[in-house]
Amino acid sequence: MRKNIVAGNWKMNTTLQEGVALAEEVNAALAGAQPKCDVVICVPFTHLASVNAVIDQNRLGLGAENCADHEKGAYTGEVSAPMVASTGAKYVILGHSERRQYYGETSEILTEKVKLALANGLTPIFCIGEVLEERENGTYNEVVKKQIEDALFGFSAEEFGKLVLAYEPVWAIGTGKTATAEQAEDMHAHIRNVIAGKYGQEVADNTSILYGGSCKPSNAAELFAKPDVDGGLIGGAALKCDDFMGIVNAF
Ligand code: PEP
């Protein structure tokens, strides 16, 4: 069956020293807790190897926030999936709305990234979600369906089964505006139906679908109580150990 997961997305925050200290703090907090979910932190590339050295990945998984759409070669400044995997990381966030919006990542590019992540043993946490205008004009279900179809439906059922999805309504990211638990549940159930339509109910039932967008200790329990919400992708609240643990403990 699918797993419950709480994953932090640190984005472009923390120096190496601050990041290592935060990772150590979260790792220590988890040692004394009995979380009812898997816990992951996705950190800047520069931090991966150092964070890997100070955490126990049996209790705190490690991921990157992106990887390149090429395996190696003359792509100055890029970081490949094999490089990410070589740090000890096990996860990679792909398709985050900030990557789509600010760095022009298209579905075609994202398909390549997912392929390379899977080929290198990384679990992609693949983000999808509509912008405010699409929420307001009522096209959000089609928009999210198309994001999944365009980037992911070329994969086999076996490959698809290795993905984690994260529904992140763009209007809720970093805005303090959370989707209601009902809005999240409606979309997560829709996503599961879309998956079932292509790969069958078993694959759909086994896919973890996380909610992301201003998730915090005060609203996590209500969101996670919904049957199709399997955890959260956490931005701002992942940068403080107490807030992050408050969300982990909401399960
Ligand atoms: C995110 O960007 O993945 C996210 C969910 O951010 P925040 O929690 O800050 O809205």
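See the structure above.
About the cut-offs
Residues numbered from 1 in each chain as written. Predicted model: local features only at pLDDT ≥ 70, side-chain atom pairs only at ≥ 80, totals over all residues. Heavy atoms only, no water. 1 Å grid on protein atoms, 1.4 Å probe; cavity = no way out; pocket = protein on both sides within 12 Å on 5 of 7 lines; lining within 4 Å. Points joined across faces, edges and corners; volume = space filled by probe spheres on them. Helix = DSSP H or I, 4+ residues; strand = E, 2+ residues; numbered from the N terminus. Nonpolar A, V, L, I, M, F, W, Y, C, P; charged D, E, K, R; others polar. Buried < 20%, exposed > 50% of the residue type's maximum accessible area, 1.4 Å probe, protein only. Axes fitted to C-alpha atoms, helices over the stretch in contact; angles between N-to-C directions. Parallel < 35°, antiparallel > 145°, perpendicular 65-115°, else oblique. Left-handed = near helix turned anticlockwise from the far one by under 90°. Contact = heavy atoms within 4.5 Å. Lys, Arg positive; Asp, Glu negative; His and termini not counted. Salt bridge = Lys/Arg side-chain N within 4 Å of Asp/Glu carboxyl O. Polar contact = N/O pair within 3.5 Å; in protein donor to acceptor, adjacent residues only side chain to side chain. Pairing = 2+ DSSP bridges. Arc of directions from axis to C-beta.

Engineer: An account of the layout of surface pockets is needed here, citing residue identities and associated values.
Structural biologist: Here the largest pocket is characterised by a volume of approximately 470 Å³. For the largest pocket, the lining is made up of 16 residues, of which Lys-11, Met-12, Glu-65, Arg-99 and Tyr-103 are closest to its centre. Per-element tally for the lining of the largest pocket: the top contributor is helix α4 (residues 97-103), with four residues. Taken together, the residues that form the lining of the largest pocket break down as seven nonpolar, five polar and four charged.

Engineer: Can you tell me about unusual backbone geometry, naming the residues and giving the values?
Structural biologist: One non-glycine residue, Lys-11, lies in positive phi territory at about 55°. On the secondary structure map, Lys-11 appears in the loop between β1 (5-9) and α1 (16-31). At Ser-214, a residue that is not glycine, the phi angle is positive and equals roughly 55°. With respect to the helices, strands and loops of the structure, Ser-214 is situated in the loop between β7 (209-212) and α11 (217-224). With relative accessibility at 15%, the residue Ser-214 sits in the buried group.

Engineer: Please set out the packing of helix α7 (residues 140-152) against helix α9 (residues 181-199) residue by residue, giving values where relevant.
Structural biologist: Two quantities define a packed helix pair, namely the angle between the axes and the distance from one axis to the other. Orientation of α7 relative to α9, taken along the N-to-C sense of each, is 40°, at an axis distance of 10 Å. In terms of orientation, α7 and α9 fall into the oblique class. Here the hand of the crossing between α7 and α9 comes out right-handed. Where α7 approaches α9, its residues Tyr-140, Asn-141, Val-144, Lys-145, Ile-148 and Leu-152 are matched on the opposing element by Met-187, His-190, Ile-191, Val-194 and Tyr-199. Split by residue class, the contact of α7 with α9 holds eight nonpolar, two polar and one charged.

Engineer: Describe in detail the side chain of Arg-100, supporting the description with residues and values.
Structural biologist: Note that Arg-100 resides in helix α4. No salt bridge forms around the buried Arg-100; measuring N to O, its nearest opposite-charge neighbour Glu-105 is 7.1 Å away. A distance of 2.8 Å separates the side chain of Arg-100 from the backbone oxygen of Cys-127, its partner in a polar contact. Excluding its chain neighbours within four sequence positions, the residues that come into contact with Arg-100 are Gly-95, Glu-105, Leu-110, Phe-126, Cys-127, Ile-128 and Gln-147.

Engineer: Could you give me a rundown of the sheet that holds strand β3 (residues 61-64), with the residues and numbers involved?
Structural biologist: Pairing is parallel around the closed barrel formed by eight strands, whose spatial order is β1-β2-β3-β4-β5-β6-β7-β8. Mean inter-strand twist for the sheet, computed between neighbouring axes without regard to direction, equals 25°. The sheet contact formed by β7 and strand β8 (residues 231-234) spans two bridges and is parallel. Along β8, the bridge assignment pairs Tyr-211 with Gly-232. Strand contacts of α9: β5 (123-128), β6 (164-167) and β7, with the helix running at about 145° to β7, the strand carrying the most contacts.

Engineer: Please set out helix α12 (residues 241-248) residue by residue, giving values where relevant.
Structural biologist: Because each turn of an α-helix spans 3.6 residues, side chains separated by three or four positions in sequence point in the same direction. Among the residues of α12, Cys-241, Phe-244, Met-245, Ile-247 and Val-248 are the ones counted as buried. Along the axis of α12, the buried residues cluster in a sector spanning 155°; they form a single face. Its buried side turned inward, α12 meets β1, α1, β2 (38-43), α11 and β8.

Engineer: I'd like a description of the environment of Gln-34, backed by residues and values.
Structural biologist: Locating Gln-34 in the fold gives a position in the loop between α1 and β2. Among the residues examined, Gln-34 registers a relative accessible area of 76% and is labelled exposed. Remark: the alpha-carbon pair of Gln-34 and Asn-249, spanning 215 residues in sequence, is separated by 8.5 Å.

Engineer: Lay out the pattern of salt bridges with the relevant residues and their values.
Structural biologist: On inspection of all chains with the given rule, the structure shows 13 salt bridges. Put simply, Arg-59 and Asp-56 hold a salt bridge, and the shortest N to O gap is 4.0 Å. Looking at Asp-56, the relative accessible area reads 28%, which means it is partly exposed.

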